[in-house]
Amino acid sequence: MTKHRIKSRLLYHYLHDPSAIAGSVLMVVFILVALLAPLLAPQNPYDLETVSLENFLQPPVWMEGGSAPFWLGTDDQGRGIFSTILYGLRTSLLVGFSVVSIAGTFGVVMGLLAGYYGGWIDAVTMRLADTFFSFSTTLMAILLLGLFKERGIFTVVAAICMVDWVRYARTMRGSVLEVKQEAYVMAAKATGAGDFRLLFKHLMPNAIPPIFVVVAVDLAVVIMLEATLSFLGVGVPITRPSLGMMIAIGKNYIYAGMWWMVVFPGATLILLVVGINLFADWLREELNPKIERQG
């Protein structure tokens, strides 16, 4: 099947899959909103000059006591919930894409080498992967974060990457073990192609498709993990906006009737993860050769 026909098939199935369209639209909207947060947000929730305690715990604008520009109400510091959500999305997506890029690159390279060379490289890589995989990702991230003296987005990304590369390495290794038995790889090896050419010209391009599914699924997992860590108080520092931290603060006021402090950031997090998962599910079906689809 030619590349042109593959692209046409993917586009056809995408345009005829409402869930894939809905998921990708949600993803694009949230990414654009996060990038344009400084322009869309009525205030910078972490700029002390724009925050006032006089706006303490205001309800949404459509309720009695609410006022513009605090469309979704304010929190216990007088910060607009709408503005804080926009900046919190930036943190969530920054952590998500950073982890996927760093852990994905490292895991793909390790899986590529382990699958191609085998032997002690494969044994060491897989035993190390099995060790990390045997523990809860959340608990491992909390443990690793405890080893850092300073908290910040970099430390959160580093801690998650240390345990997240495993899924990429295992997937890539399995894909390479299949691809390296193909006739074109054997032919290239027989003609004297070097390891570098075999790895990055023949193996990687043909073994990489399953990684795209892992990336899509893992992005949602990492965003939820960052929110969980921030909710538990071990994620990003309190000086940085985070959806998980907003939910953690809001839960202290929900029984006092300030439901907007939890509902709106929680709904945003759910919609973001659902959008990513809808697109990931479609991508998994399209790249799975065992699933036959018409069209």
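Preceding this paragraph is the structure being described.
Residues numbered from 1 in each chain as written. Predicted model: local features only at pLDDT ≥ 70, side-chain atom pairs only at ≥ 80, totals over all residues. Heavy atoms only, no water.

Enquirer: Lay out the overall build of the protein in plain terms, naming residues and giving numbers.
Expert: Across its full length, the protein holds 12 helices and zero strands. Ordering the α and β elements of the protein from the N terminus gives α-α-α-α-α-α-α-α-α-α-α-α. Overall, the C-alpha framework of the protein stretches about 75 × 50 × 30 Å when taken along its three principal axes. When each of the 295 residues of the protein is scored for burial, the buried share is 45%. Looking at the protein as shown, the accessible area adds up to about 15,500 Å², and 67% of this sits on carbon and sulfur atoms. Once the 21 positive and 20 negative side-chain charges of the protein are each reduced to a mean point, those two points are 11 Å apart. (Helix = DSSP H or I, 4+ residues; strand = E, 2+ residues; numbered from the N terminus. Buried < 20%, exposed > 50% of the residue type's maximum accessible area, 1.4 Å probe, protein only. Areas by Shrake-Rupley, 256 points an atom, 1.4 Å probe, with all protein chains shown as cover. Lys, Arg positive; Asp, Glu negative; His and termini not counted. Charge placed at Lys NZ, Arg CZ, Asp CG, Glu CD.)

Enquirer: Can you lay out the layout of surface pockets for me, pointing to particular residues and giving the numbers?
Expert: Size it by volume and the second largest pocket reaches roughly 380 Å³. Forming the boundary of the second largest pocket are 25 residues, of which Tyr 46, Gln 77, Arg 79, Ile 238 and Ile 249 lie nearest the centre. Mapped onto the lining of the second largest pocket, the elements with two or more residues apiece are helix H4 (81-117), helix H10 (209-231) and helix H11 (243-250). In terms of residues, the lining of the second largest pocket owes the most to one element, H11, which gives five residues. (1 Å grid on protein atoms, 1.4 Å probe; cavity = no way out; pocket = protein on both sides within 12 Å on 5 of 7 lines; lining within 4 Å. Points joined across faces, edges and corners; volume = space filled by probe spheres on them.)

Enquirer: Account for the nonpolar core, naming residues and giving values.
Expert: Buried together is how nonpolar side chains tend to be arranged in soluble globular proteins. Counting 72 residues, the largest nonpolar core has Ile 81, Val 95, Val 99, Ile 160, Met 172, Leu 203 and Ile 223 as the members making the most contacts within it. When residues of this core are assigned to their parent elements, the largest contribution, 14 residues, is made by helix H7 (residues 153-179). Once residues lying within four places of it in the same chain are set aside, the contact partners of Leu 203 are Leu 112, Tyr 116, Val 176, Val 179, Lys 180, Val 185 and Leu 198. Counting residues in hydrophobic clusters, the runner-up holds six residues, among them Val 213, Ala 280, Trp 282 and Leu 283. (Core = buried A, V, L, I, M, F, W, Y, C linked by side-chain atoms within 4.5 Å. Contact = heavy atoms within 4.5 Å.)

Enquirer: Report on a nonpolar patch on the surface, specifying residues and quantitative values.
Expert: A cluster of nonpolar side chains, contributed by Val 61, Trp 62, Met 63, Trp 71, Ile 254, Tyr 255, Trp 259 and Val 263, occupies part of the molecular surface with about 830 Å² of accessible area. Summarising the element assignment, Val 263 is placed in helix H12 (residues 260-287). (Patch = residues over 30% accessible without salt bridge, like charges linked within 9 Å, V, L, I, M, F, W, Y side chains within 5 Å. Salt bridge = Lys/Arg side-chain N within 4 Å of Asp/Glu carboxyl O.)

Enquirer: So, the pattern of salt bridges: which residues are in play, and what are the values?
Expert: Inspection of every chain in the model, using the stated rule, returns seven salt bridges. The salt bridge partner of Asp 281 is Arg 284, with a shortest N-O separation of 2.8 Å. Note that Asp 281 and Arg 284 are positioned in helix H12 at a spacing of three residues, about one turn of the helix. Here Arg 284 falls in the partly exposed class, since its relative accessible area comes to 37%.

Enquirer: Give a description of the packing of H4 against helix H9 (residues 195-207) that names residues and reports values.
Expert: The geometry of H4 relative to H9 is characterised by a closest axis approach of 11 Å and an angle of 110° between their N-to-C directions. Taken together, the axes of H4 and H9 lie roughly perpendicular to each other. Relative to H9, the crossing made by H4 is right-handed. Residues Val 108, Leu 112, Leu 113, Tyr 116 and Tyr 117 of H4 pack against Asp 195, Leu 198, Leu 199, Phe 200, Leu 203 and Met 204 of H9. Of the residues belonging to the contact of H4 with H9, the class tally is 10 nonpolar, no polar and one charged. (Axes fitted to C-alpha atoms, helices over the stretch in contact; angles between N-to-C directions. Parallel < 35°, antiparallel > 145°, perpendicular 65-115°, else oblique. Left-handed = near helix turned anticlockwise from the far one by under 90°. Nonpolar A, V, L, I, M, F, W, Y, C, P; charged D, E, K, R; others polar.)

Enquirer: Go over the side chain of His 202, please, and point to the residues and values.
Expert: Mapped onto the elements, His 202 comes out in helix H9. Discounting residues that sit within four places of it in the chain, His 202 has contacts with Val 179, Tyr 184, Val 185, Ala 188 and Arg 197.

Enquirer: Before we move on, could you go through the environment of Gly 275 and cite the residues and values that matter?
Expert: Structurally, Gly 275 can be placed in helix H12. On the accessibility criterion, Gly 275 (0% relative accessible area) is buried. Along the backbone, Gly 275 and Ala 207 are 68 residues apart, and their C-alpha atoms lie at a distance of 26 Å. Those residues in contact with Gly 275 that sit more than four places away from it in its chain are Gly 23, Leu 26 and Met 27.

Enquirer: Tell me about unusual backbone geometry, and name the residues and values.
Expert: Looking along the chain, the bond that leaves Ala 68 and enters Pro 69 is cis, with omega of 5°. Mapping Pro 69 onto the fold places it in the loop between helix H3 (37-40) and H4. A positive phi is found at Leu 57, a non-glycine position, where the angle reads about 50°. Within the element layout of this structure, Leu 57 appears in the loop between H3 and H4. Of the residues examined, Leu 57 reaches a relative accessible area of 12% and is grouped as buried.

Enquirer: Account for the environment of Trp 259, naming residues and giving values.
Expert: By the secondary structure assignment, Trp 259 is in the loop between H11 and H12. Counting along the chain gives 195 residues from Trp 259 to Glu 64, while the straight-line C-alpha distance between them is 14 Å. The residues touching Trp 259, leaving out its near neighbours within four places in the chain, are Pro 60, Trp 62, Met 63, Ile 254 and Phe 264.

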